[in-house]
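Chain residues, written in single-letter form:
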Amino acid sequence: MGLKIALLLGGTSSERDVSLASGIRVAEALRTCGHEVRAIDPARGPLSDDEQRALATGRVVQTAPPSQEALRRMAREALPSFASNLPRQGDADVVFLGLHGGSGEDGTIQALLDLGGVPYTGSGHLASALAMDKDLSKHLFRQANVSTAKWLMAPAGVDEVNTALGLPVIVKPSKQGSTVGLSIVRNASELQPAVDEAFNFDDEVMIEEFIAGRELTVGILGNMALPVGEIIPKHEIYDYECKYTAGMADERFPAELTKQETARVQDEALRAFRALKLRGCARIDFRMAKDGTFYCLEANTLPGMTQTSLIPQAAAAAGISFPELCDRIVRLALGDHARAGIV
Ligand SMILES: Nc1ncnc2c1ncn2[C@@H]1O[C@H](COP(=O)(O)OP(=O)(O)O)[C@@H](O)[C@H]1O
Ligand SMILES: [Mg+2]
């Protein structure tokens, strides 16, 4: 039996374009599973059939995110209709969250949906907020014995950074995604400009030890780790352009790792998932240092869902098609573990 699904996509975060590109694929996939899908942009309202067709055929994601000013303007204009655009109990059997970043991923919309009494995909509001906050996440990772790179919160002087971490370091906003506002700092003179840049995107900025090595990601679906992926970006770090421009990163599923390494990083990913009390589907990002240590960077509670995104690729490597993946995510939200493939 098909379900009535309200799919939320777009929103007002830096990752709005990514969400539109992903969300439209999810809508198509859920419809092929026999569900009735209404696509709603919380910032603008329900999408007409024409708008959905235009999205499905157009190139949505630019090489850079929308400006902060444009997003702030949109949020201001959208605010009055924002809550009224969110589905309430009875409007839908379940809400599929196709949002990325900002209030769609940080627990805010999850809390509003809790008030409305509709089940939704992915993590609850507290877990979402924890995962969005890289500083708090890392404290919980440490507590659960999940290795994570050493870090300091800004402001921190050059001497302190040199002593505690050593250069190079990564400077990034604590609560952002898509590598927005992130830089590598190799010389002491670059530290302050990097911190200033990151503060444009968040009121908390972290300075983290740079982990040279490989870039890995592990998808979790329910209680199961999917095949590990390796990302080989054309740039030194996996930046916005590499993430969203075709051909700017090589992605390998499964990653070339030994059986033991695979088991180890999958176990770390599951422990990170549990440490943050995540639910449903999430993606945990790692760096693998030259000595073989895996360093957990962060958890993504609403990972990208275009057919070429990492979670769909990981699912495909496990023999799970894209529509089946979307359907299982819905089943997990409804607690239907048998149909979500969990035994
Ligand atoms: N400590 C680090 N060492 C090396 N590379 C890093 C580090 N932190 C981030 N990066 C690079 O920047 C990318 C984005 O960082 P991440 O912490 O995953 O934030 P987000 O994806 O939320 O923007 C990573 O995929 C990685 O390529
Ligand atoms: Mg990441």
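Calculation notes
- Residues numbered from 1 in each chain as written.
- Chains lettered and ligands numbered in written order.
- Predicted model: local features only at pLDDT ≥ 70, side-chain atom pairs only at ≥ 80, totals over all residues.
- Near = placed C-beta within 6 Å.
- Helix = DSSP H or I, 4+ residues; strand = E, 2+ residues; numbered from the N terminus.
- Nonpolar A, V, L, I, M, F, W, Y, C, P; charged D, E, K, R; others polar.
- Contact = placed C-beta atoms within 7 Å.
- Expected span 1.5 Å × (residues − 1).
- Buried ≥ 20, exposed ≤ 12 C-beta atoms within 10 Å, placed from the backbone.
- Core = buried A, V, L, I, M, F, W, Y, C linked by C-beta atoms within 7 Å.
- Axes fitted to C-alpha atoms, helices over the stretch in contact; angles between N-to-C directions.
- Parallel < 35°, antiparallel > 145°, perpendicular 65-115°, else oblique.
- Pairing = 2+ DSSP bridges.
- Right-handed = clockwise from strand over helix to strand, strands pointing away.
- Domains from an automatic or database assignment.

Student: Let's hear about the site of ligand 1: which residues, and what values?
Tutor: The immediate surroundings of ligand 1 are formed by 18 residues, with Gly177, Ile211, Ile237, Tyr238 and Leu297 found nearest. Within the residue set of the shell around ligand 1, elements represented by two or more residues are strand E8 (205-209), strand E13 (281-289) and strand E14 (294-300). By residue class, the composition of the shell around ligand 1 is 8 nonpolar, 4 polar and 6 charged.

Student: Tell me about the environment of Cys242, and name the residues and values.
Tutor: By the secondary structure assignment, Cys242 is in helix H10 (residues 240-244). Separated by 63 residues in sequence, Cys242 and Thr179 have C-alpha atoms that sit 9.9 Å apart. Setting aside its immediate chain neighbours within four residues, Cys242 contacts Pro233, Lys234, His235, Met248 and Ala249.

Student: Tell me about helix H1 (residues 16-32), and name the residues and values.
Tutor: Given 3.6 residues to a turn, an α-helix orients residues that are three or four positions apart in the same direction. Compared with an ideal rise of 1.5 Å per residue, which puts 17 residues at 24 Å, H1 spans 25 Å between its outermost C-alpha atoms and is within 8% of the ideal. Burial analysis of H1 places 14 of its 17 residues in the buried class, which makes it a mostly covered element. Where H1 terminates, the next one or two residues include Gly34, which has phi positive at roughly 90°.

Student: An account of the nonpolar core is requested, with residue identities and associated values reported.
Tutor: In this structure, Leu7, Val95, Val171, Val218, Ala272, Ile284 and Phe286 are the most contacted members of the largest nonpolar core, which totals 92 residues. With 8 residues, the top contributor of residues to this core is H1. In contact with Leu7, not counting residues within four places along its chain, are Gly23, Val26, Ala27, Val37, Arg38, Ala39, Ile40, Phe96 and Gly98.

Student: Please give an account of the packing of H1 against helix H13 (residues 322-333) that cites residues and values.
Tutor: It is at 8 Å that the axes of H1 and H13 come closest, and there the two elements cross at 90°. Judged by the angle between their axes, H1 and H13 are roughly perpendicular. Across the interface between the two elements, Val26, Ala29, Leu30 and Thr32 from H1 touch Phe322, Pro323 and Cys326 from H13. Tallied by class, the residues present in the contact of H1 with H13 amount to 6 nonpolar, 1 polar and no charged.

Student: Got a sec to walk through the pairing of strand E2 (residues 36-41)? Specific residues and values, please.
Tutor: Note that strand E1 (residues 4-8) and E2 share 5 bridges and pair parallel. Its bridge partner being in E2, Ile5 is matched across the sheet by Val37. Crossover connection from E1 via H1 to parallel E2: handedness right-handed. Where E2 lies against strand E3 (residues 45-46), 2 bridges are found, and the strand directions are antiparallel. Opposite Asp41, over in E3, you have Gly45 as the bridge partner.

Student: So what's going on with the domain arrangement of the protein chain? Which residues, and what values?
Tutor: Domains assigned within the protein chain are domain 1 (4-122), domain 2 (132-147 + 212-320 + 327-333) and domain 3 (151-209). Taking only C-alpha atoms, the centre of domain 2 and the centre of domain 3 are 23 Å apart. On the domain 3 side, the residues contacting the 12 residues of domain 2 number 11 residues. At the level of elements, helix H7 (134-143) and H10 are the ones that each hand at least two residues to the side of domain 2 that touches domain 3. The element that contributes the greatest number of residues to the side of domain 2 that touches domain 3 is H7, accounting for 3 residues.

Student: Please provide a residue-by-residue account of the environment of Leu302, values included.
Tutor: The topology assignment puts Leu302 in the loop between E14 and helix H12 (310-317). In this structure the C-alpha to C-alpha distance between Leu302 and Gly319, which are 17 residues apart in sequence, comes to 21 Å.

Student: Can you break down the sheet that holds strand E7 (residues 183-185) residue by residue, with the values?
Tutor: In spatial order, the strands read E5-E8-E6-E7; together these 4 strands make up an open sheet with antiparallel pairing. At either margin of the open sheet sits one strand with a lone partner, and together these are strand E5 (151-153) and E7. Strand-to-strand twist of the sheet, defined as the mean angle between neighbouring strand axes without regard to direction, takes the value 25°. Sheet topology note: the strand E6 (residues 169-173)/E8 ladder contains 5 bridges and is antiparallel. Each residue of the ladder has a partner; that of Pro173, found in E8, is Val205. Sheet contacts for helix H9 (residues 191-199): E6, E7 and E8; angle to E6, the most-contacted strand, approximately 25°.

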